[in-house]
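Notes for the structure review
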Amino acid sequence: LRKIQEHAKPHLKWALEVAFQTGLRCGESELFAVTFEAVDWNRQNLSVYATKTKTWRTVPLSKEFMGALKAKQGEHVSGRIVEYKGKPVRSMKKALQKACDAAGITYPVTFYDVRHLFATTLLQRGADPMSVAKVMGHASTRMTLDQYGHAMESEMRRAIGLLSQSETVESL
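Just so you know, these numbers come straight off a predicted model, no measurement behind them. (Residues numbered from 1 in each chain as written. Predicted model: local features only at pLDDT ≥ 70, side-chain atom pairs only at ≥ 80, totals over all residues. Heavy atoms only, no water.)

1. Some remarks on the overall build of the protein chain
What the protein chain contains, in helices and strands, is eight helices and five strands. Reading the protein chain from its N end, one meets helices and strands in the order α-α-β-β-β-α-β-β-α-α-α-α-α. Across its three principal axes, the protein chain shows a C-alpha extent of roughly 70 × 40 × 30 Å. Taking all 172 residues of the protein chain together, 35% fall into the buried category. Considering only contacts in the protein chain between residues 6 or more positions apart, those separated by 24 or more positions represent 57%. Accessible surface, the protein chain as shown: approximately 11,000 Å² in total, 54% of it carbon and sulfur. Put simply, the protein chain has 25 plus and 17 minus side-chain charges, and the middle of one group is 8 Å from the middle of the other. (Helix = DSSP H or I, 4+ residues; strand = E, 2+ residues; numbered from the N terminus. Buried < 20%, exposed > 50% of the residue type's maximum accessible area, 1.4 Å probe, protein only. Contact = heavy atoms within 4.5 Å. Areas by Shrake-Rupley, 256 points an atom, 1.4 Å probe, with all protein chains shown as cover. Lys, Arg positive; Asp, Glu negative; His and termini not counted. Charge placed at Lys NZ, Arg CZ, Asp CG, Glu CD.)

2. Description of helix α6 (residues 129-136)
Listed in full, the buried residues belonging to α6 are Val-132, Ala-133, Val-135 and Met-136. Mapping the buried residues of α6 onto a view down its axis gives an arc of 165 degrees, with all of them on the same face. Just past α6, the residue Gly-137 takes up positive phi, approximately 85 degrees. (Arc of directions from axis to C-beta.)

3. Details of the side chain of His-138
With respect to the element layout, His-138 can be found in the loop between α6 and α7 (141-148). Residue His-138 is classed as buried on the basis of its relative accessible area, which comes to 11%. At a separation of 2.7 Å, a polar atom in the side chain of His-138 contacts the side chain of Thr-144. Setting aside residues no more than four positions away along its own chain, His-138 makes contact with Arg-25, Arg-115, Ala-133, Met-143, Thr-144 and Tyr-148. (Polar contact = N/O pair within 3.5 Å; in protein donor to acceptor, adjacent residues only side chain to side chain.)

4. Re the nonpolar core
Core analysis: the biggest nonpolar cluster contains 41 residues, and Leu-46, Leu-69, Ile-81, Val-82 and Phe-111 have the highest contact counts within it. When residues of this core are traced back to their parent elements, those giving at least two are α2 (10-22), β2 (45-50), α3 (63-75), α4 (93-103), α5 (111-124) and α6. For this core, the element with the highest residue contribution is α2, accounting for six residues. Excluding residues that lie within four positions of it along the chain, Phe-111 makes contacts with Leu-12, Ala-15, Leu-16, Ala-19, Cys-26, Leu-31, Met-92 and Leu-96. (Core = buried A, V, L, I, M, F, W, Y, C linked by side-chain atoms within 4.5 Å.)

5. Re the packing of α5 against α7
At a minimum axis distance of 10 Å, the contact between α5 and α7 shows a crossing angle of 105 degrees. Put simply, α5 runs roughly perpendicular to α7. Residues Tyr-112, Arg-115, His-116, Ala-119, Thr-120 and Leu-123 of α5 form the contact with α7, whose own contacting residues are Thr-144, Leu-145, Gln-147 and Tyr-148. Tallied by class, residues from the contact of α5 with α7 come to five nonpolar, four polar and one charged. (Axes fitted to C-alpha atoms, helices over the stretch in contact; angles between N-to-C directions. Parallel < 35°, antiparallel > 145°, perpendicular 65-115°, else oblique. Nonpolar A, V, L, I, M, F, W, Y, C, P; charged D, E, K, R; others polar.)

6. With respect to the packing of aromatic side chains
The description of an aromatic ring pair uses the distance of the two centres, along with the angle that the planes make with each other. One pass over the structure, following the stated rule, counts four aromatic pairs. Judged by centre distance (5.7 Å) and plane angle (20 degrees), the ring pair of Trp-14 and Phe-65 falls under stacked. In this pair, Trp-14 is assigned in helix α2 and Phe-65 in helix α3, connecting sequence segments 51 residues apart. Neither Trp-14 nor Phe-65 differs from the other in exposure class; each is buried. Arranged with centres 5.3 Å apart and planes meeting at 55 degrees, the rings of Tyr-49 and Trp-56 form a pair that is tilted. Sitting above the plane of the Trp-41 ring, Lys-70 keeps its charged end 4.6 Å from the centroid. (Phe/Tyr/Trp six-rings, centres within 6.5 Å; stacked < 30°, edge-to-face > 60°. Lys NZ or Arg CZ within 6 Å of the ring centre and 35° of its normal.)

In structure tokens:
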């Protein structure tokens, strides 16, 4: 993601940052639809209407990202958090492809990959699966874990490391 952002035009770089900081679904349903009115500046969260599930959810935001949002709010004309030249965005496929090409990335990358990175990063860092599911708008942790909870060798080793060396079946 950093490599792509290094080669991205400012509007794409910002959209990728919003996607990574929020885990919003790609496209016009969430990422390109969310407005500054949806930001609760006091509670530091974002209210998102998921057209896929027809439900509202709350996405907590970091202090650092809140600062970046505040700065962008003064620059943006459309009221949308992600815009291009003062207008709402419908797609950034071409801009993303150009940035990937410039970064030397030869495999296909989509905005969904950023949502995937958001979820896997949280899970890898020990976030509660229920919290991740709620932030992402999933109905259950099963969906979250099935989609994003890849068994990684380091996590498997960490899990086994939870057993003490001195513990044996007899000592339990």
